[in-house]
Amino acid sequence: MDDDKKIIREHTFKTWSKQSSWEPIIVTSSRGVYFYDSNGKKYLDFSSQFVNVNLGYGNERVINAIKEQLDTLQYINPSFGAVVRAKATKALLEVMPKNLTKFFFSTSGTEANEAAVKVSRLYKKPSYKILARYRSYHGSTEASISLTGDYRRWFVEPNTMPGVVRFPEPYCFRCPLKLKYPECNLACANYVDYIIKQEKNVAAIIVEPITGTNGVIVPPKEYMPLLWKIAKENDVLFIADEVMTGWGRVGEWFAVNLWNIQPDILTTAKGASASYVPIGITAFNKEIGEFFEDHIFAHGHTFEAHPVSLAAIPAVIEEYKRLNLLSHVKVMGEYLGKRLLELKERHKSIGDIRGIGLFWAVELVKDKNNTPFGDYEDKYEGKPTVVDIISKKALEKGVYVYNGPSWLIISPPLIINKEEIDQGIETLDEVIKEAD
Ligand code: PLP
């Protein structure tokens, strides 16, 4: 195992990081909501890795569906129609918002967003501008990182894609407009109408319905319907990036269901295969689909619509249904939220607890003025923030928690039960003392 660690450390990269402080833990197996390292140590996965292992580990039905596909047809180029593609599409049509009827399959959330942007520009030509929020993450390649509003993720500025215009997010805990909800009258959303009219040539607006990596920002209930209405009234495409929020994470198939809105394009990945195999999906409305009957769909990959990835989709959907996970998430989510709010009572360093379903943030603050513990710059420079240290301590105690510079993301596999939630909360209770 020491050899494995050495070879991984010396010849592969830890992404988004300087390499010097990297000490990879070698993981050998997993089951349910737990994974195990090479010393036999057991870890509770309290974040579903990067909010993606939605069904937990070792689901036999999903594994068997993938194995069966491997036995039948491993690859065929995407201009052929594999049977598994029909099966996956049929399953998707059942759970996607009803207006989304045409799908492009790739292998990651990043690629799903690249396709969304390119297709928006093809469809809305000559309009080309894309509106995206400051606090957002949409992926790591050229277009998707340009959409990503968090400048600390760019690194290659100014070589980013032109035509991206930013707008502020509904981050009420630290309102970018220094206003208070509800007296603000959702100025952050209304401002988008002004931006679209001033900018002209806006093809699309892209948002994470609930901002994920940048701190699980749940918008006020009127926000998304208003933003959607503004896009509609201005004839701008509305893209919902549901890479993190889709697939039961918030107690609905997709977060847009919370507000009953129909995006023109929805991108997703992670939970679509519960991460048993790589998958990305860009779902389009009927009008966009029909447009390409007579226009070139100028996009594609070798691994697009890969049969082995597609095999996971119907199997995973079956499992979400069989295990009644949408209801389970609502019940467990309420319990998890209650337990997290109890932690807030006990720790003065917890500034905010927010979330929905099994998707929560614990935002830690230095003082009464809600000063954050650090920024992505600290993280990337290899200067761990207090929150990084808290996460590391939790890991030492056998609980994995994904974190930003000033917040912890609590998003366990959707199959988690109360006892497992209690275990995670107990560990958080111990390690958060570090910040108090
Ligand atoms: N969009 C959102 C909202 C995400 O959270 C992520 C990844 O965390 C991405 C896009 C990029 O997805 P991937 O890492 O699969 O490329």
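Residues numbered from 1 in each chain as written. Predicted model: local features only at pLDDT ≥ 70, side-chain atom pairs only at ≥ 80, totals over all residues.

Q: So, the environment of Pro413: which residues are in play, and what are the values?
A: Structurally, the position occupied by Pro413 is in the loop between strand E15 (407-410) and helix H14 (418-432). On the basis of neighbour count, Pro413 is assigned to the buried category, with 25 C-beta atoms found within 10 Å. It is 23 Å that separates the C-alpha atoms of Pro413 and Ala88, two residues lying 325 residues apart in sequence. Setting aside anything within four residues of it in sequence, one finds Pro413 in contact with Val33, Asp45, Ser48, Val53, Asn54, Leu55 and Gly56. (Helix = DSSP H or I, 4+ residues; strand = E, 2+ residues; numbered from the N terminus. Buried ≥ 20, exposed ≤ 12 C-beta atoms within 10 Å, placed from the backbone. Contact = placed C-beta atoms within 7 Å.)

Q: Before we move on, could you go through the site of the ligand and cite the residues and values that matter?
A: Among the 15 residues in the neighbourhood of the ligand, the closest are listed as Ser108, Gly109, Thr110, Val243 and Met244. Looking at which element gives the most residues to the shell around the ligand, the answer is helix H5 (residues 109-124), with three residues. Taken together, the residues that form the shell around the ligand break down as five nonpolar, eight polar and two charged. (Near = placed C-beta within 6 Å. Nonpolar A, V, L, I, M, F, W, Y, C, P; charged D, E, K, R; others polar.)

Q: Could you give an account of the nonpolar core, naming the residues involved and the relevant values?
A: Across soluble globular proteins, you tend to see nonpolar side chains buried next to one another. Leu227, Ala312 and Val316 are the most contacted members of the largest nonpolar core, which totals 118 residues. Top element by residues in this core is helix H10 (residues 307-322). It accounts for nine residues. Residue contacts for Leu227: discarding those within four places in its chain leaves Ala189, Val192 and Val207. (Core = buried A, V, L, I, M, F, W, Y, C linked by C-beta atoms within 7 Å.)

Q: Could you give an account of the environment of Asp2, naming the residues involved and the relevant values?
A: Among the structural elements, Asp2 can be located in helix H1 (residues 2-11). On the basis of neighbour counts, which here come to 8 C-beta atoms within 10 Å, the residue Asp2 falls in the exposed class. Separated by 24 residues in the primary sequence, Asp2 and Ile26 have C-alpha atoms spaced 8.9 Å apart.

Q: Give a detailed account of the confidence of the model for the chain, specifying residues and quantitative values.
A: Averaged over all residues, the pLDDT of the chain equals 96, while 98% of them reach at least 70. With pTM at 0.97, the complex prediction returns an ipTM value of 0.99. (pLDDT = per-residue confidence, 0-100.)

Q: Which residues make up the sheet that holds strand E13 (residues 399-400), and what are the values?
A: Neighbouring strands of a sheet are bound in pairs by backbone hydrogen bonds; such pairs are parallel or else antiparallel. Spatial strand order, E1-E2-E3-E13: four strands in an open sheet with mixed pairing. Of all strands in the sheet, those with a lone pairing partner are strand E1 (27-31) and E13, marking the two edges. Here strand E3 (residues 42-45) runs beside E13; their pairing, made up of two bridges, is parallel. Opposite Leu44, over in E13, you have Val399 as the bridge partner. (Pairing = 2+ DSSP bridges.)

Q: Explain the packing of helix H13 (residues 386-396) against H14 residue by residue, including any values.
A: Relative orientation of the contacting elements H13 and H14 amounts to 130°, with a least axis distance of 9 Å. In terms of axis orientation, H13 runs oblique to H14. When the axes of H13 and H14 are compared, the crossing they make is right-handed. Residues Ile390, Lys393 and Ala394 of H13 form the contact with H14, whose participating residues are Thr427, Leu428, Val431 and Ile432. (Axes fitted to C-alpha atoms, helices over the stretch in contact; angles between N-to-C directions. Parallel < 35°, antiparallel > 145°, perpendicular 65-115°, else oblique. Left-handed = near helix turned anticlockwise from the far one by under 90°.)

Q: Give a detailed account of the pairing of strand E11 (residues 350-356), specifying residues and quantitative values.
A: Taken across its seven residues, E11 has five buried, putting it largely inside the fold. The pairing of E11 with strand E12 (residues 359-364) spans six bridges and is antiparallel. Across the sheet, the residue bridging to Ile356 is Phe359, located in E12. In this structure, the hairpin formed by E11 and E12 is closed by a connection of two residues, where Gly357 is found at a positive phi of approximately 60°.

Q: Got a sec to walk through the sheet that holds strand E9 (residues 265-268)? Specific residues and values, please.
A: Spatially, the seven strands line up as an open sheet ordered E4-E10-E9-E8-E7-E5-E6, and their pairing is mixed. Each edge of the open sheet is held by one strand with a lone partner, namely strand E4 (100-106) and strand E6 (164-167). For this sheet, the mean inter-axis angle between neighbouring strands, taken without regard to orientation, is 20°. Of the pairings in the sheet, the one linking E4 to strand E10 (residues 280-285) comprises six bridges and is antiparallel in character. In the sheet register, Phe104 faces E10, and the bridge partner there is Thr282.

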